[in-house]
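# Report on the structure
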Amino acid sequence: MAAPDLLDPKTATHNTKPRLSFSTKPIVLNSSDDCDTHVSVMKWKTVSAIFLLVVLYLIVGATVFRALEKPYESSQKYAILKEKLEFLARHSCVNSSELEDLVKQVVSAIRAGVNPSGTPSNESSMWDLGSSFFFAGTVITTIGFGNISPHTEGGRIFCIIYALLGIPLFGFLLAGVGDQLGTIFGKGIAKVEKMFVKWNVSQTKIRVISTVLFILFGCLLFVALPAVIFKHIEGWSALESLYFVVITLTTIGFGDFVAGGSEIEYQDFYKPAVWFWILVGLAYFAAVLSMIGDWLRVISKKTKEEVGEFRAHAAEWTANVSAEFKETRRRLSVEIYDKFQRAASIKRKLSSELGLSPTQEMTPGRRTLSVNFTDERERDLSSFPPLTKNSSLYLNGISSDCLERGEIAIIEHLK
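Every value quoted in this text rests on a predicted model; they were computed, and no experiment measured them.

## Focus on the overall build of the protein chain
Within the protein chain, the secondary structure is distributed over 11 helices and two strands. Going from the N terminus to the C terminus, the protein chain shows its helices and strands as α-α-α-α-α-α-α-α-α-β-α-α-β. When each of the 415 residues of the protein chain is scored for burial, the buried share is 22%.

## Description of the side chain of Ser 241
The residue Ser 241 is located in helix 7 (residues 238-249) in this model. Here Ser 241 falls in the buried class, since its relative accessible area comes to 0%. Apart from residues no more than four positions distant in its own chain, Ser 241 is found in contact with Ala 227, Phe 230, Lys 231 and Trp 236.

## Quick look at the nonpolar core
Within soluble globular proteins, side chains that are nonpolar tend to cluster in buried spots. Of all hydrophobic cores here, the largest spans 31 residues; its most connected members are Phe 230, Phe 244, Val 245, Val 274 and Trp 277. Excluding anything up to four places from it in sequence, Trp 277 contacts Phe 222, Pro 226, Phe 230, Phe 244, Val 245, Thr 248 and Leu 249.

## Some points on the environment of Asp 128
The topology assignment puts Asp 128 in the loop between helix 3 (96-111) and helix 4 (129-140). For Asp 128, a relative accessible area of 38% gives the class partly exposed. Put simply, Asp 128 and Asp 268 are 140 residues apart on the chain and 10.0 Å apart in space, counted from C-alpha to C-alpha.

## Quick look at the packing of aromatic side chains
This structure, assessed with the given rule, holds 18 aromatic pairs. On the basis of an interplanar angle of 45° and a centroid distance of 6.3 Å, the ring pair of Phe 230 and Trp 236 is categorised as tilted. For Phe 230, a relative accessible area of 5% gives the class buried. An aromatic cluster of three or more residues is present, and its members are Phe 134, Phe 145, Phe 230, Trp 236, Tyr 243, Phe 244, Phe 257 and Trp 277.

## Quick look at the pattern of salt bridges
Side chains that carry opposite charge are capable of pairing whenever their charged atoms lie near each other. A full pass over the atoms with the stated rule returns three salt bridges. Lys 84 is the salt-bridge partner of Glu 100, the closest N and O atoms lying 2.9 Å from each other. Highlighted residues: Glu 100 in helix 3 and Lys 84 in helix 2 (residues 44-90), separated in sequence by 16 residues. Relative accessible area serves as the criterion here: at 22%, Lys 84 is assigned to the partly exposed category. As a salt-bridge pair, Arg 330 and Glu 327 come within 2.6 Å of each other at their nearest N and O atoms. With Arg 330 and Glu 327 both in helix 8 (residues 270-353), this residue pair falls three residues apart, about one helical turn.

## Re a nonpolar patch on the surface
On the surface, Met 42, Trp 44, Val 47, Ile 50, Val 54 and Leu 58 cluster together into a nonpolar patch covering about 640 Å² of accessible area. Given the relative accessible area of 40%, Ile 50 is considered partly exposed.

## Remarks on the confidence of the model for the protein chain
For any part of a model where pLDDT is low, the fine detail of the predicted coordinates should not be relied upon. Here the protein chain shows a mean pLDDT of 75. Residues at 70 or above account for 73%. Counting contacts from residues 1-37, a segment whose pLDDT is below 50, to residues more than four positions away or on other chains yields 49 contacts. Note on residues 364-379: pLDDT is under 50 here. Beyond four places in sequence and across chains, it has 18 contacts.

## Looking at the packing of helix 5 (residues 153-198) against helix 6 (residues 203-234)
Taken N-terminus to C-terminus, the directions of helix 5 and helix 6 make an angle of 135°; their axes are 10 Å apart at the nearest point. For the element pair helix 5 / helix 6, the angle class is oblique. Crossing of helix 5 over helix 6 shows right-handed handedness. Note on element contacts: helix 6 touches helix 5 through Gln 203, Ile 206, Ile 209, Ser 210, Leu 213, Phe 214, Phe 217 and Phe 222, opposite Leu 181, Phe 185, Ile 189, Val 192, Glu 193, Phe 196 and Val 197. Looking at the contact of helix 5 with helix 6 residue by residue, the class counts come to 12 nonpolar, two polar and one charged.

## Topic: the packing of helix 4 against helix 5
With their axes 8 Å apart at the nearest point, helix 4 and helix 5 run at an angle of 65° to one another. In terms of axis orientation, helix 4 runs roughly perpendicular to helix 5. Taken as a pair, helix 4 and helix 5 cross one another with a handedness that is right-handed. Between helix 4 and helix 5, the residues in contact are Ala 136, Val 139 and Ile 140 and Cys 159, Tyr 162, Ala 163, Gly 166, Ile 167 and Phe 170, respectively. Split by residue class, the contact of helix 4 with helix 5 holds eight nonpolar, one polar and no charged.

## Some remarks on unusual backbone geometry
What is expected of a backbone is that most residues other than glycine have negative phi and most peptide bonds are trans. The backbone of Thr 142 sits at a positive phi, close to 60°, despite the residue not being glycine. For Thr 142, the location among the structural elements is in the loop between helix 4 and helix 5.

## What to know about helix 5
Three- or four-residue spacings in an α-helix give side chains the same orientation, since the helix completes a turn every 3.6 residues. Taking 1.5 Å as the rise per residue, helix 5 with 46 residues should run 68 Å; its terminal C-alpha atoms sit 65 Å apart, in good agreement. Along helix 5, the helix axis deviates most sharply at Ala 163, where the bend reaches about 25°. Phi for Asn 200, located one or two positions after helix 5, is positive at around 60°.

## Focus: the side chain of Ser 131
Of note, Ser 131 is situated in helix 4. Its relative accessible area of 4% is what places Ser 131 among the buried residues. Side chain to side chain, Ser 131 and Lys 271 meet in a polar contact 2.6 Å long. When near neighbours in sequence (up to four residues on either side) are disregarded, Ser 131 contacts Ser 125, Met 126, Ile 148 and Lys 271.

## Thoughts on the environment of Leu 88
Along the polypeptide, Leu 88 turns up in helix 2. The sequence separation of Leu 88 and Leu 99 amounts to 11 residues, and the corresponding C-alpha distance is 8.3 Å. If sequence neighbours within four positions are ignored, Leu 88 has contacts with Val 94, Asn 95, Ser 96 and Leu 99.

What counts and how
Residues numbered from 1 in each chain as written. Predicted model: local features only at pLDDT ≥ 70, side-chain atom pairs only at ≥ 80, totals over all residues. Heavy atoms only, no water. Helix = DSSP H or I, 4+ residues; strand = E, 2+ residues; numbered from the N terminus. Buried < 20%, exposed > 50% of the residue type's maximum accessible area, 1.4 Å probe, protein only. Contact = heavy atoms within 4.5 Å. Core = buried A, V, L, I, M, F, W, Y, C linked by side-chain atoms within 4.5 Å. Phe/Tyr/Trp six-rings, centres within 6.5 Å; stacked < 30°, edge-to-face > 60°. Salt bridge = Lys/Arg side-chain N within 4 Å of Asp/Glu carboxyl O. Patch = residues over 30% accessible without salt bridge, like charges linked within 9 Å, V, L, I, M, F, W, Y side chains within 5 Å. Areas by Shrake-Rupley, 256 points an atom, 1.4 Å probe, with all protein chains shown as cover. pLDDT = per-residue confidence, 0-100. Axes fitted to C-alpha atoms, helices over the stretch in contact; angles between N-to-C directions. Parallel < 35°, antiparallel > 145°, perpendicular 65-115°, else oblique. Left-handed = near helix turned anticlockwise from the far one by under 90°. Nonpolar A, V, L, I, M, F, W, Y, C, P; charged D, E, K, R; others polar. Expected span 1.5 Å × (residues − 1). Bend = angle between axes of the 7 residues up to and from the residue. Polar contact = N/O pair within 3.5 Å; in protein donor to acceptor, adjacent residues only side chain to side chain.

Here is the structure:
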């Protein structure tokens, strides 16, 4: 029996498994099918196919990024080399080795999280309470922007222990926030579904519309609105703000754009507020990815059922063809056997009328002996198929003129 379709409104009322639309009621798995624990392991062929697909995807991405970014990298190398030469030309008292030492110190300061630009009176720290809180949040969320990192041995050891304990704890928090967020969205979408039910809209369309509304409203609340806020506060362009939001909520975190990393006077609550936005946004993205995964599982299950039905039809058709072939072969064997039996019966009858035993060998004289049959005898024999070479029966001692006179030679052998 095929599993009920999660997208089919006819079976939705009898289905106790999770579906794609949101509901305010908890879902209980009480189906008898769920009592049997069945672990489905992906086959090696499927794993290999997915691996090759991922490798191909990586090759395509590498090719595109190389085509887009390498010319910019080359231009930047040429620009910094030109700046160095012009600086040395304007300042003859500085040689190239001293300039390279200064550049190395600047790069080392940047890697340590210190901004070398500005005046000595700049007392802002990358490790104040707000920045430290934001860094700790990026550790347990596994984003890791990389703009600041611990450089002392004690800091690195504590970061290892802190991450091992904090990441699972944040995972539990993220799951709880995701459940509550889904409940809040579910209540709102349930009201929208009731509205569509009054308009006599099919259940499938209602679920598709509710899913689209959930995605659009979430993108507006957690992507578009924060992008506008970051554009206004950080002074980024619209693309840079949207880029930061998406890279952050997908936990990629390159670190090229970080909220609170500019030389701007920020409020004390700004970076903690950014972290709480990251928490709720990650929960939303987790809910969306979970919903997409459920949708793909439903599609995969339907595809497997369709492939199974196709294989069953193919096996049934193969069995029918094989049975027909065997029946045809059996029928032909019976017909050929009957013909041989009739031919043998004719031989025995002719031999008995000529006074020959069935095993007696014919002499050349007897082979040319012919018997004239009456019209009645000819009518009796006319129902039998003609004894010709094409019927695999040979006439011995007969010529064409004998056939015209109605004479039949005695059959000696059945080939």
